Amino acid sequence: VKPDGSRRWIRMFMNIRRHPISGDIYLFCYFRDNDSCHKLEAAAGGVFQRDANTMLYTRKFMETFANYILSVSPRQNFSALLQVELVGLDRVREEQGVQKWKEIAFTFGRICRIAVGRDVITGQYDENKFVLMRADAGTSKQYRNRVTALVSIFKEWLAQAHPEAKIELVSGFAIER
């Protein structure tokens, strides 16, 4: 809360881990200023919706939000869209159960919210597909480098956190004015 009584929005992400040898419990916290994003969400109108499991925007709200962002974005700026599909997530649900599927989707949603930054709108397109959109993407080369880094983060997370799930990450992106 600011001295004038107005509020500033922040998000907090937490993760609790038990050390495998000592048994000690560690709490990791990450705080992020979310005021600008909150203002954009309010200005976009419509009903603000997030998926209950991944906490990413629903497809319906993502479309409303993206259209609003594009309508107020200067035309000389590049806009970019990245779609990521977790191939094999359906198989995880069938073979390992809904709880394991939800755990992987939830963790992927958290990685998206933390790794991409405040300037990227992140939503869940359907159960296995996720969309990341940025209205001011910089140059094509800058965005391509950022996408390459993000995809590396996602692949590393899948390989370390859920090697038994045998999920592949398929991604593609478009950038234009």
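Residues numbered from 1 in each chain as written. Predicted model: local features only at pLDDT ≥ 70, side-chain atom pairs only at ≥ 80, totals over all residues. Heavy atoms only, no water.

1. A closer look at unusual backbone geometry
Reasoning step 1: The phi angle at M55 is positive, at roughly 65 degrees, despite the residue not being glycine.
Reasoning step 2: With respect to the element layout, M55 can be found in the loop between α1 (35-44) and α2 (59-72).
Reasoning step 3: Owing to a relative accessible area of 35%, M55 belongs among the partly exposed residues under this scheme. (Helix = DSSP H or I, 4+ residues; strand = E, 2+ residues; numbered from the N terminus. Buried < 20%, exposed > 50% of the residue type's maximum accessible area, 1.4 Å probe, protein only.)

2. Quick word on the side chain of R110
Reasoning step 1: In this fold, R110 is placed in helix α4 (residues 98-115).
Reasoning step 2: Salt bridges are absent for the buried R110, whose nearest opposite-charge side chain, E103, sits at 8.3 Å. (Lys, Arg positive; Asp, Glu negative; His and termini not counted. Salt bridge = Lys/Arg side-chain N within 4 Å of Asp/Glu carboxyl O.)

3. Structural notes on α4
Reasoning step 1: In a regular helix each residue adds 1.5 Å, so 18 residues correspond to 26 Å; α4 covers 25 Å between its end C-alpha atoms and thus fits that length.
Reasoning step 2: Residues K100, W101, I104, A105, T107, F108, G109, R110, C112 and R113 constitute the buried set of α4. (Expected span 1.5 Å × (residues − 1).)

4. Examining the packing of α4 against helix α5 (residues 140-161)
Reasoning step 1: It is the contact of α4 with α5, at a shortest axis distance of 11 Å, that shows an interaxial angle of 150 degrees. The pairing of α4 with α5 is recorded here as roughly antiparallel in orientation. Our pair here, α4 against α5, has a crossing hand that is right-handed. Of the residues in α5, those touching α4 at I104, T107, F108, I111, C112 and A115 are L150, I153, F154 and W157. (Axes fitted to C-alpha atoms, helices over the stretch in contact; angles between N-to-C directions. Parallel < 35°, antiparallel > 145°, perpendicular 65-115°, else oblique. Left-handed = near helix turned anticlockwise from the far one by under 90°. Contact = heavy atoms within 4.5 Å.)

5. Some thoughts on the pattern of salt bridges
Oppositely charged side chains can pair when the atoms bearing their charge come close.
Reasoning step 1: One pass over the structure, following the stated rule, counts five salt bridges.
Reasoning step 2: When the shortest N-O distance is used, the salt bridge between R91 and E95 registers 4.0 Å. With R91 and E95 both in helix α3 (residues 89-96), this residue pair falls four residues apart, about one helical turn.
Reasoning step 3: For R91, a relative accessible area of 26% puts it in the partly exposed group.
Reasoning step 4: Several salt bridges share partner residues, and in doing so they unite D90, R93 and E127 into one network.

6. Considerations on the side chain of T107
Reasoning step 1: Looking at the element boundaries, T107 is found in helix α4.
Reasoning step 2: On the accessibility criterion, T107 (11% relative accessible area) is buried.
Reasoning step 3: In this view, T107 contacts W157 and H162; residues no more than four positions away in its chain are not counted.

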